[in-house]
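# Residue-level structural notes
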Amino acid sequence: MKRYNYLSPILLIVVALIVRGLVTNVCMLFGLSQEVSSNIAMLAMIIVALIMFNRMTKARRSK
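These numbers were taken from a predicted model, which means no experiment stands behind them.

### Re the overall build of the chain
Along the chain, the regular secondary structure elements total 2 helices and 0 strands. For 63 residues, the compact-globule estimate of 2.2 N^0.38 gives 11 Å, and the chain exceeds it by more than 25% at 15 Å. Dimensions along the principal axes, computed over C-alpha positions, put the chain at roughly 50 × 20 × 15 Å. When the 63 residues of the chain are sorted by exposure, 21% land in the buried category. Summed over all atoms, the accessible surface of the chain reaches about 5300 Å², with 69% contributed by carbon and sulfur.

### Comments concerning the nonpolar core
Counting 5 residues, the largest nonpolar core consists of Val19, Val23, Cys27, Ala41 and Ala44. Counting only elements with at least two residues in this core, the list comes to helix H1 (7-29) and helix H2 (34-61). Ranked by residue count, the leading element in this core is H1, at 3 residues.

### A word on the environment of Cys27
Secondary-structure assignment places Cys27 in helix H1. In sequence terms Cys27 and Ala44 are 17 residues apart; their C-alpha atoms lie 12 Å from each other. Excluding its chain neighbours within four sequence positions, the residues that come into contact with Cys27 are Leu32, Ser37 and Ile40.

Parameters and conventions
The residue numbering used here restarts from 1 in each chain and proceeds along that chain's sequence as written. A pLDDT threshold of at least 70 governs which residues receive local features in this predicted model, and a stricter bar of 80 or more applies before side-chain atom pairs are shown or counted, although totals over entire chains, interfaces and linings include all residues. Each side-chain value is derived from all of the structure's non-hydrogen atoms; neither hydrogens nor water enter the calculation. Labels follow the DSSP assignment, with helices taken as runs of H or I lasting at least four residues and strands as runs of E lasting at least two, numbered in each case from the N terminus. We compute the radius of gyration from the C-alpha atoms alone; for a globule the expected value is 2.2 Å times N to the 0.38, where N is the number of residues. Exposure classes here rest on a 1.4 Å probe applied to the protein chains alone. A residue is buried below 20% of its type maximum, exposed above 50%, and partly exposed in between. Here, Shrake-Rupley sampling with a 1.4 Å probe gives the accessible areas, and only protein chains in the shown set may cover a residue. Grouping buried Ala, Val, Leu, Ile, Met, Phe, Trp, Tyr and Cys residues that are joined through side-chain atoms within 4.5 Å yields what is termed a nonpolar core. We call two residues in contact when some of their heavy atoms are within 4.5 Å.

Keep in mind these numbers describe shape, not what the thing actually does.
Here it is in structure tokens:
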């Protein structure tokens, strides 16, 4: 566990939760139901988490 970065997983979780809340609110503003908004937000959260994870690991590989 030498030089493990504790900030990366925390940042990943925080950004995913912020995106989920934001997408849920935007979908609700457009008149979608709570269930549909929650499903779309979950999909957006997963996509953002995968993109962030990809970028973080790519930066680590190039060092």
